[in-house]
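Listed below, chain by chain, are the residues.
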Amino acid sequence: MTVSEQHAFMAARIPTELLLDIFELATDIPGFLNDDHSDPFERPGVRTPFLDNSDEVDAIRSAVSIKRALVRVCRRWHAVATPLLYRALFVGHTSTLSLLAKTLSESAVLDGAAALGTHTRRLDLAWSNESRDDAVLMAMSHDVAEPLREIISCLPGLKIASVSVRGSWTLVPVDILHALGSTCGPSLRRLDWPDKGLSPVFAGIGSLLRHTPNLRVNLGTNISLSDDYVSGLPNLSFGEFLFRNRDGIYPLPLFPHMRQAIFHAYPPWDDATTVHVHRLLKSAPNLTTVHLEASECGLEQAFSVLHGSGIPRIVLCAHKWSDLLIDSPPVPPSLTHLGLAVRSPGMSERVCAEVFQWLSKVADGSQSLRSVRILNPRCNAALLEHAAPFKEDVILMEKRGIRVEDSWGQTIKSVA
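What counts and what doesn't
- Residues numbered from 1 in each chain as written.
- Predicted model: local features only at pLDDT ≥ 70, side-chain atom pairs only at ≥ 80, totals over all residues.
- Heavy atoms only, no water.
- Salt bridge = Lys/Arg side-chain N within 4 Å of Asp/Glu carboxyl O.
- Helix = DSSP H or I, 4+ residues; strand = E, 2+ residues; numbered from the N terminus.
- Buried < 20%, exposed > 50% of the residue type's maximum accessible area, 1.4 Å probe, protein only.
- 1 Å grid on protein atoms, 1.4 Å probe; cavity = no way out; pocket = protein on both sides within 12 Å on 5 of 7 lines; lining within 4 Å.
- Points joined across faces, edges and corners; volume = space filled by probe spheres on them.
- Nonpolar A, V, L, I, M, F, W, Y, C, P; charged D, E, K, R; others polar.
- Pairing = 2+ DSSP bridges.
- Expected span 1.5 Å × (residues − 1).
- Contact = heavy atoms within 4.5 Å.
- Core = buried A, V, L, I, M, F, W, Y, C linked by side-chain atoms within 4.5 Å.

Participant: Hey, could you run me through the pattern of salt bridges in this one?
Facilitator: If the charged atoms of two oppositely charged side chains come close together, the side chains can form a pair. Scanning the model with the defined rule gives 15 salt bridges in all. A salt bridge links Glu 146 to Arg 149; its shortest N-O distance comes to 2.6 Å. Remark: Arg 149 and Glu 146 occur in helix H7 (residues 142–152); sequence separation between them is three residues, near one turn of the helix. What makes Glu 146 partly exposed here is its relative accessible area of 28%. Sharing partners across several salt bridges, the network here consists of Asp 35, Asp 36, Lys 159 and Arg 216.

Below is the structure:
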């Protein structure tokens, strides 16, 4: 018996259950099928919604490549690995949509086999649109929209839909949102448009969210408190809300499970925003963490709105550090945890000095602050390189009971 024949013989003796476990371990991405979104202060390393998700997309792409290789080894491995391959669908290029739609549709009419789409729990759309045509930028073309609608119609057990299309602002046709709601609505738990590169047509959001009673995480499709579908989201644990000063004052449903929320305001934050924020807070008694886009709302105004809210955890996102470092931030008295999610990974020694000076001012204005976490993992290396001169500043803050941490929850003192 040759060596290859010995390997084949030994592989054939591995029990199917064990073989599947091996395949799952080889392609596992922690939290990949988690239909909730962990609090960044409770689970270190969690990506906040405002930050770039390219690392996650790369990990998904790699796992899919491994699964595709596994199904090609032999008939037995094909049978074992196929449900695993279709458990999470990743579309990295629009040219693959038609073939995927055909494969899913044809498998649904085969006798004696489960339709491939019944295995699917997650769908990722992550292509890059390089078109310079204004018409293409504003509306998804028919040759993309039609197979995408057909794919969605084959996924009755879909739990997670994630969209991170780069390179353009493209509108999702209403009929695709209809398909997502009618086919996947009852099973859908998480809806995520992290980059907002592929934007749902506003008129179609309601038709989708009215059919998702079990939705737990809604990111990217901004919820307005004046829309009637709000009452159909009782299980929401993390939602993204848009406060508009023209919105009327309507009774709000209770959100007993909501622990995290993103707040936006249009136009910029004002007295009307304050009214709507406090209305929502009363309807979400268990809300503990609020995420804010500092460069959008203005840090001083946002902190003022949250003054007296009782919110203990705030995550501030900005394009660059200068958007955060205002002179005298009016820190809400209830604040215990502050997260800083700055998209720019660069932190020079000068920026580090400005950040620690600003943190000292924040500490001076707070009696309850206990933790400051810099959430962009790409800043960890810069902190390691430049934080040493500011070690004493970190020690002084720790003497005041405040930990300054990197994205993994390690104190800056321990990495400096």
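Picking up where we left off.
Participant: Would you explain empty space enclosed by the protein in this entry?
Facilitator: Where empty space is left can be seen by rolling a probe of water-molecule size over the atoms. If you walk through the whole model with that rule in mind, you get two cavities of 30 Å³ or more. Of the voids in this model, the second largest cavity is the one considered here, and its volume is about 30 Å³. In this structure, the second largest cavity is lined by Arg 47, Glu 56, Arg 122, Ser 162, Arg 190 and Asp 192. A per-class count over the lining of the second largest cavity returns no nonpolar, one polar and five charged.

Participant: I would appreciate a short explanation of the pairing of strand E3 (residues 160–163) in the present structure.
Facilitator: Along any regular strand, the residues point their side chains to alternate faces of the sheet. Alternating positions in E3 separate into two faces, Ile 160 and Ser 162 on one and Ala 161 and Val 163 on the other, with burial throughout. Judged from the three bridges that link them, E3 and strand E5 (residues 190–192) form a sheet pairing that is parallel. Pairing of Ser 162 across the sheet is with Asp 192, part of E5.

Participant: When you look at helix H3 (residues 54–70) in this model, what are you seeing that I'm missing?
Facilitator: A turn of α-helix holds 3.6 residues, and therefore any two residues three or four places apart point the same way. Its 17 residues give H3 an end-to-end C-alpha distance of 25 Å, which sits within 8% of 24 Å, the value for a rise of 1.5 Å per residue. By the burial criterion, the buried members of H3 are Ser 54, Val 57, Ile 60, Ala 63, Val 64, Lys 67 and Leu 70. Residues of H3 that are buried sit in contact with helix H2 (16–26), helix H4 (75–87), strand E1 (88–91) and strand E2 (122–125).

Participant: Where do I start with the nonpolar core in this structure?
Facilitator: One broad trend across soluble globular proteins is that nonpolar side chains are buried collectively. Counting 103 residues, the largest nonpolar core has Phe 241, Phe 263, Trp 321 and Leu 338 as its most contacted members. Sort the elements by how many residues they give to this core and helix H13 (residues 349–364) lands first, with nine residues. With residues up to four places along the chain from it excluded, the contact list for Phe 241 reads Ile 223, Leu 225, Leu 236, Met 258, Ala 261, Ile 262, Phe 263, His 264 and Leu 280. Judged by nonpolar contacts, the second largest core, of 11 residues, contains Phe 50, Leu 51, Val 315 and Cys 317.

Participant: How should I be thinking about the environment of Gly 401 in this particular structure?
Facilitator: Residue placement: Gly 401 occurs in the loop between helix H15 (391–399) and strand E14 (403–405). Sequence separation between Gly 401 and Ser 371 is 30 residues, and the spatial gap between their C-alpha atoms is 8.3 Å. Among all residues touching Gly 401, those that are not within four sequence positions of it are Leu 369 and Arg 370.

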